[in-house]
Structure formats: C-alpha cells, structure tokens
Amino acid sequence: YMSFKKFALSAELLRSIQDAGYEKPTSIQNKAIPLILEGKDIMATAQTGTGKTACFTLPMLQHLQNNSLKNGKTGIRALVLTPTRELAEQVGSSVRTYGRYLSLRSTVIYGGVNINLQKSKLKRGVDVLVCTPGRLLDHIRQQTVDLSKVEIFILDEADRMLDMGFIHDIRQIMNVMPENQLRQNLLFSATFSDEIKQLAERLLNQPEWVQDEKR
Ligand code: AMP
C-alpha cells in the first residue's frame, strides 16, 4: 500500500487500503485519483475489474472527510448511481470497506424491496447514498430523500444505464440536485457512444478525460 502514499489520502483511508492488501494503484487509479482529489470533473473509460470503484470511492471519501458540513447540518453529500442492484451492493460494500475508519453513514437503495425500511434509514441521516435510478425517483416523488446538499455525484457504468433506458430518470434526478457547477461530477463508462457524450456535456464541467489502458 506504500505506493498509495503519493496520493493526498488520509491516514484512515491509507489504513483501509493496507487492510485490503493492495500493493499498488491500478492504471485508472493512477490517472484519475489525483484529478478527482483536485476537485475536477471526470469522464473515465474503464471496464469492470480495473479497480474503478476504488478509483472514485477513495477520493469521494477523502472529500467528505476534508469538508465536514458546517453548523452541524446533515444531509446526503455524495450520491452514486448504478444501473443494477448488484452493482449498487458492490459499491456500497466498497464504501463501507474503505470508509471503515471514518465516521460516515452510507446506505444502499434499490427497487424490488420494501421501501419503508429505506425511508427510515434516510430519515435517520445518510452521508453517502448508493442507489439505482428508479427507486431513487420513487423517493424523490414521495419527498423522502433530499438531494439538495449533494457535493459529489457519480454515474457508474453510464453506458449500461442508458442501455437500460434510465436516461429520463437520470435527467429528473439531476434536476433536483444543486446546479452541476456547484458539485463535483464523475462519469464512468466502459464505452463512449454519442448518447454518452451528450449526457457528459450536460453533466460535467470542463471534465478531464481519463482512459484505462487497453488490456
Ligand atoms: P472494480 O473494477 O472496481 O470492480 O474492482 C475489481 C477488483 O479489484 C475489486 O475486487 C477490488 O477490490 C480490486 N482492487 C481495486 N483496486 C485494487 C488495487 N489497487 N490492487 C489490487 N486490487 C484492487
């Protein structure tokens, strides 16, 4: 984990990386982590298995640790959207793993399960929310989620989300968040179609493009 020390990551995050047994950053992590830590918007091409989840989760947690909410206010400060519940669970588990030495609350929300349990979790307060678009929209419509304090927004596997027909949901979700200039936006996708480029133009501010090496 020593070679992760070149990044501006806290002792707590470095410790969780050490626990995970990672020897060195992957290619996408080397390229993207410093840029995300600088606060840049990112458009990243990365397949599953490249370490992309840690690539956005570690700097996201660092941002939350650096900038605690003023006046003791609470609210959802980081939002990760994934196309499927399996991926949401995976990301949620990474947030718990890398964030185990930080006192942040995270939860995972998707459809097909009881909504009331999710409502009470949201009511108790969450810093990091990982979810699929459809169920998040249900919560938005029922006013059981407040996205007005989101500081970091991550779209994971954006191409799959578009393939699954989530574009309108994503647009509606973007409409209830602070303006995109007021938050950091990260878009991860395995492929780049014209549709993804259009979404990126809407979502990202002067993004840095990061590409994983072809394997
Ligand atoms: P992902 O591409 O995010 O689905 O990650 C694939 C797998 O790589 C996960 O099991 C991670 O725990 C693991 N991983 C992430 N970063 C590293 C790293 N720097 N070194 C070794 N394994 C890693």
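The text that follows walks through the structure, step by step, so that each part is easy to find. (Residues numbered from 1 in each chain as written. Predicted model: local features only at pLDDT ≥ 70, side-chain atom pairs only at ≥ 80, totals over all residues. Heavy atoms only, no water.)

Quick notes on the nonpolar core
Just so we agree on the cut-off: By convention a nonpolar core is built from buried Ala, Val, Leu, Ile, Met, Phe, Trp, Tyr and Cys residues, the set being connected through side-chain atoms within 4.5 Å. For each residue, the accessible area found with a 1.4 Å probe, counting protein chains only, is set against the maximum for its type, and the residue is called buried under 20%, exposed over 50%, and partly exposed in between.
Ranked by internal contacts, the top residues of the largest apolar core, which has 38 residues, are Leu58, Met60, Val130, Ile154 and Phe188. In terms of nonpolar packing, the next biggest core, distinct from the first, is built from 32 residues, Phe153, Phe166, Met177 and Ile196 among them.

A look at the side chain of Arg77
Operational definition: Labels follow the DSSP assignment, with helices taken as runs of H or I lasting at least four residues and strands as runs of E lasting at least two, numbered in each case from the N terminus.
Along the chain, Arg77 falls in the loop between helix H3 (52–66) and strand S2 (78–81). The buried category is assigned to Arg77, whose relative accessible area is 3%.

Points about the site of the ligand
Here is the rule we go by: Any residue with a non-hydrogen atom lying within 4 Å of a molecule or strand is treated as near it. N or O atoms within 3.5 Å of each other form a polar contact, as long as, within protein, one can give a hydrogen and the other can take it, and as long as residues adjacent in sequence are counted only when both atoms are side-chain atoms. Here the Shrake-Rupley method, with its probe set to 1.4 Å, supplies the accessible areas, and only the displayed protein chains count as covering residues. Note on residue categories: nonpolar means Ala, Val, Leu, Ile, Met, Phe, Trp, Tyr, Cys or Pro, charged means Asp, Glu, Lys or Arg, and polar means any other residue, Gly included.
Taken together, Phe4, Tyr22, Lys24, Pro25, Thr26, Gln29, Thr48, Gly49, Thr50, Gly51, Lys52 and Thr53 form the complete shell of residues around the ligand. At a separation of 2.8 Å, a nitrogen atom of the ligand approaches a polar backbone atom of Lys24. In this structure, an oxygen atom belonging to the ligand sits 2.7 Å away from a main-chain N or O atom of Gly49. In isolation the ligand has 500 Å² of accessible area, and contact with the protein removes 67% of it. Of the residues belonging to the shell around the ligand, the class tally is three nonpolar, seven polar and two charged.

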